[in-house]
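Chain by chain, the residues run as shown.
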Amino acid sequence: MNNRQIVKLTERYVANTYARYPIALVRGKGARVWDADGKEYLDFVGGIAVNALGHGHPAVMRAIRQQAARLLHVSNLYHIAPQSELARELCRRSFAERVFFCNSGAEANEAAIKLTRRYGAEWLGGKYEILSTYNSFHGRTLATLTATGQEKVRAGYDPLPAGFRQAPYGDLKAMEAAIDEEKTAAILVEPIQGEGGVVVPDKSYLQGLRELCDQKGLLLIFDEVQVGMGRTGKLFAYEHFGVEPDIMTLAKAMGGGLPLGAMLAKEKVARSFVPGAHASTFGGNPLACNVGLAVLKTLVQGGALKNCVKMGKVLFQALLGMKSRFSSIRDVRGKGLIVGMELDLDGTRIVEECMKAGLLINCTAHKVLRFIPPLIIGEKEIERGLGILEKVLARR
Ligand SMILES: *Cc1c(COP(=O)(O)O)cnc(C)c1O
């Protein structure tokens, strides 16, 4: 099938929830992908921060083959070796002491919300409310879209679950003022806002939230679904800020392209989850977890994290250079290989023109071009991609 035929099928049979570009990607290698008509693209989207190791990484393929031959699924009625091992590796490398596995970012946040409710009932005298931030993104289930501080995500879904409110991101005073002594149980934030336009807060913000939570006995939850697993050049984004949460959620890059999410927590919180309190049929399944182990190993020992730091600098410097040449570029910000370039115009057309010229790039929050390429990307590929972008910007 070619692009046109696949587009026709999608439009006829698939639920109409996405505004898609009129191409179908059918093959990938490293930081490159090909569409059904054979056209090659440089991939600066990486499945929206999922394909941290790019496409067709040998370690990922090996882990899939190995586990597929052994065992695909058994259920959490039994112990699952790759799940237990992955939990140990995540705890060894983070603040956490326990891990609940699921299949997506929304589910990881849903688990964090449910754990907060249980903990609140047990230890906080029945407090249940979760404060999050405007322009955040936490997922599309009813609870997580209610935590998400964007009207467009919630429109049409009333009545929404109770127990969620928002404060402006980066504003410690506003968060403090929003706390309801009778109801608030936790503060939920992304250490760097992804969908909200790659917003990097001041160190003092996250540190202040930690202090606030400690003073008031609240839980601090970090949603690292997008910025966790090496994206920022450290395994977890919170490591940049010298602050540890009580709960953290992960997904996107964790499964190397397979659906895998997790909620990590300190033991004092995690113990509020007892047998029967929460569950997921596929959560922590052998295949996804074996790939998760391979991804983690490749990040830490295989040099992908180091490459991310190096290429992050290359990308950032190059974008700063572009900023000095184009008055339409307002700001460049980010960490590691999540970088946002804010324009003074709608980025939609830029994205379309880049695509025609062979570069896949994403725009979020209307005006922010978001660079989230595979962490294994090379300097030549960055140069080539930015060459395309520069030509597109110069035409405007
Ligand atoms: C993508 C994302 C989610 C939702 O993840 P899904 O796997 O799409 O459910 C939640 N939080 C953040 C910060 C994200 O970027």
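The structure we're discussing is the one just above.
Residues numbered from 1 in each chain as written. Predicted model: local features only at pLDDT ≥ 70, side-chain atom pairs only at ≥ 80, totals over all residues. Heavy atoms only, no water.

> Explain the site of the ligand to me, please; I cannot follow it from the model alone.
Taken together, Ser104, Gly105, Ala106, Asn109, Phe137, His138, Gly139, Glu190, Asp223, Val225, Gln226 and Lys252 form the complete shell of residues around the ligand. A distance of 3.1 Å separates a nitrogen atom of the ligand from a polar backbone atom of Phe137. The side chain of Gln226 places a nitrogen or oxygen atom 2.7 Å from an oxygen atom of the ligand. Isolated, the ligand exposes 390 Å² of accessible area, and the fraction of that covered by the protein chains is 81%. Counted by class, the shell around the ligand contains three nonpolar, six polar and three charged residues. (Near = heavy atom within 4 Å. Polar contact = N/O pair within 3.5 Å; in protein donor to acceptor, adjacent residues only side chain to side chain. Areas by Shrake-Rupley, 256 points an atom, 1.4 Å probe, with all protein chains shown as cover. Nonpolar A, V, L, I, M, F, W, Y, C, P; charged D, E, K, R; others polar.)

> I would appreciate a short explanation of the pairing of strand β10 (residues 261–265) in the present structure.
A regular strand places its side chains so that they alternate between the two faces of the sheet. In terms of residue burial, β10 counts as a mostly covered element, since five of its five residues are buried. Side chains Gly261, Met263 and Ala265 project from β10 onto one buried face, and the interleaved Ala262 and Leu264 project onto a second face that is buried too. Two strands pair when backbone bridges link them, and strand β4 (residues 98–102) and β10 are joined in this way by five bridges, in the antiparallel orientation. From the neighbouring strand, Cys102 faces β10, where its bridge partner is Gly261. Note: strand β9 (residues 247–250) against β10, four bridges, orientation antiparallel. Looking at β10, one finds that Leu250 is bridged to Ala262. (Buried < 20%, exposed > 50% of the residue type's maximum accessible area, 1.4 Å probe, protein only. Helix = DSSP H or I, 4+ residues; strand = E, 2+ residues; numbered from the N terminus. Pairing = 2+ DSSP bridges.)

> What's the story with the packing of helix α4 (residues 81–92) against helix α11 (residues 286–300) in this structure? I'm lost.
When two helices pack together, their arrangement is given by the angle between the helix axes and by the axis-to-axis distance. For the pair α4 and α11, the least separation of the axes is 8 Å and the interaxial angle reads 35°. Considering only the axes of α4 and α11, their crossing is left-handed. Taken together, the residues of α11 that come into contact with α4 (itself represented by Pro82, Gln83, Glu85, Leu86, Glu89 and Leu90) are Pro286, Cys289, Asn290, Gly292, Leu293 and Leu296. Residues belonging to the contact of α4 with α11 are distributed by class as follows: seven nonpolar, three polar and two charged. (Axes fitted to C-alpha atoms, helices over the stretch in contact; angles between N-to-C directions. Left-handed = near helix turned anticlockwise from the far one by under 90°. Contact = heavy atoms within 4.5 Å.)

> So what exactly am I meant to see when it comes to the packing of aromatic side chains here?
Ring pairs (aromatic) are described by centroid distance and by the angle formed between their planes. The full count for this structure, using the stated rule, is five aromatic pairs. Arranged with centres 5.7 Å apart and planes meeting at 80°, the rings of Phe95 and Tyr238 form a pair that is edge-to-face. Taken as a pair, Phe95 in the loop between α4 and β4 and Tyr238 in the loop between β8 (219–223) and β9 lie far apart in primary sequence, 143 residues in all. Its relative accessible area of 3% is what places Phe95 among the buried residues. With a centroid separation of 6.2 Å and 65° between ring planes, the pair formed by Phe100 and Phe273 is classed as edge-to-face. (Phe/Tyr/Trp six-rings, centres within 6.5 Å; stacked < 30°, edge-to-face > 60°.)

> For this particular structure, what's the right way to read the packing of helix α12 (residues 304–325) against helix α14 (residues 379–394)?
Between α12 and α14, the shortest axis-to-axis distance is 10 Å and the interhelical angle comes to 20°. What the angle tells us is that α12 and α14 run roughly parallel. Relative to α14, α12 is oriented so that their crossing is right-handed. When α12 is examined against α14, the residues Met311, Val314, Leu315, Ala318, Leu319, Met322 and Arg325 are found in contact with a partner set consisting of Glu379, Ile382, Leu386, Leu389, Glu390 and Leu393. By residue class, the composition of the contact of α12 with α14 is 10 nonpolar, no polar and three charged. (Parallel < 35°, antiparallel > 145°, perpendicular 65-115°, else oblique.)

> Which parts of the structure should I look at to understand the nonpolar core?
The tendency in soluble globular proteins is for nonpolar side chains to be buried as a group. With 85 residues, the main nonpolar core has Leu90, Ile187, Met341, Phe371 and Leu389 as its most contacted residues. With sequence-adjacent residues up to four places away left out, Ile187 is seen in contact with Leu131, Met175, Leu209, Leu212, Cys213, Leu218, Leu219, Leu220 and Ile221. Grouped together as the second largest cluster of nonpolar side chains are 25 residues, Phe100, Ala111, Leu115 and Ala143 included. (Core = buried A, V, L, I, M, F, W, Y, C linked by side-chain atoms within 4.5 Å.)

> Looking at this model, I keep getting lost on a nonpolar patch on the surface. Mind explaining?
Nonpolar side chains collect at one region of the surface, where Met1, Leu9, Tyr13 and Val14 lie side by side and expose about 460 Å² of accessible area between them. Structurally, Met1 is set in the segment before α1 (3–13). Residue class for Met1 comes out exposed when judged on its relative accessible area of 64%. (Patch = residues over 30% accessible without salt bridge, like charges linked within 9 Å, V, L, I, M, F, W, Y side chains within 5 Å. Salt bridge = Lys/Arg side-chain N within 4 Å of Asp/Glu carboxyl O.)

> Would you mind going over the sheet that holds strand β1 (residues 25–29) with me for this structure?
Strand pairing in a sheet relies on backbone hydrogen bonds, with the paired strands running either antiparallel or parallel. Within the open sheet, the four strands sit side by side as β1-β2-β3-β13. Their pairing is mixed. Since the sheet does not close on itself, it has two edges, and those belong to β1 and β13 (359–360), each with one partner. Taken together, the two bridges between strand β3 (residues 40–43) and β13 define a ladder with parallel strand orientation. By the bridge assignment, Leu42 is partnered in β13 with Leu359. On top of the sheet, α14 reaches β2 (32–35), β3 and β13; it is set at about 105° to β3, its chief contact.

> What is the right way to read the side chain of Glu190 from this model?
Relative to the helices and strands, Glu190 resides in the loop between β7 (184–189) and α9 (203–216). Put simply, Glu190 is tucked away with no salt bridge, and the nearest opposite charge, on Arg370, sits 7.5 Å away. When sequence neighbours within four positions are dropped, the list of residues in contact with Glu190 reads Ser136, Phe137, His138, Tyr169, Glu195 and Asp223. (Lys, Arg positive; Asp, Glu negative; His and termini not counted.)

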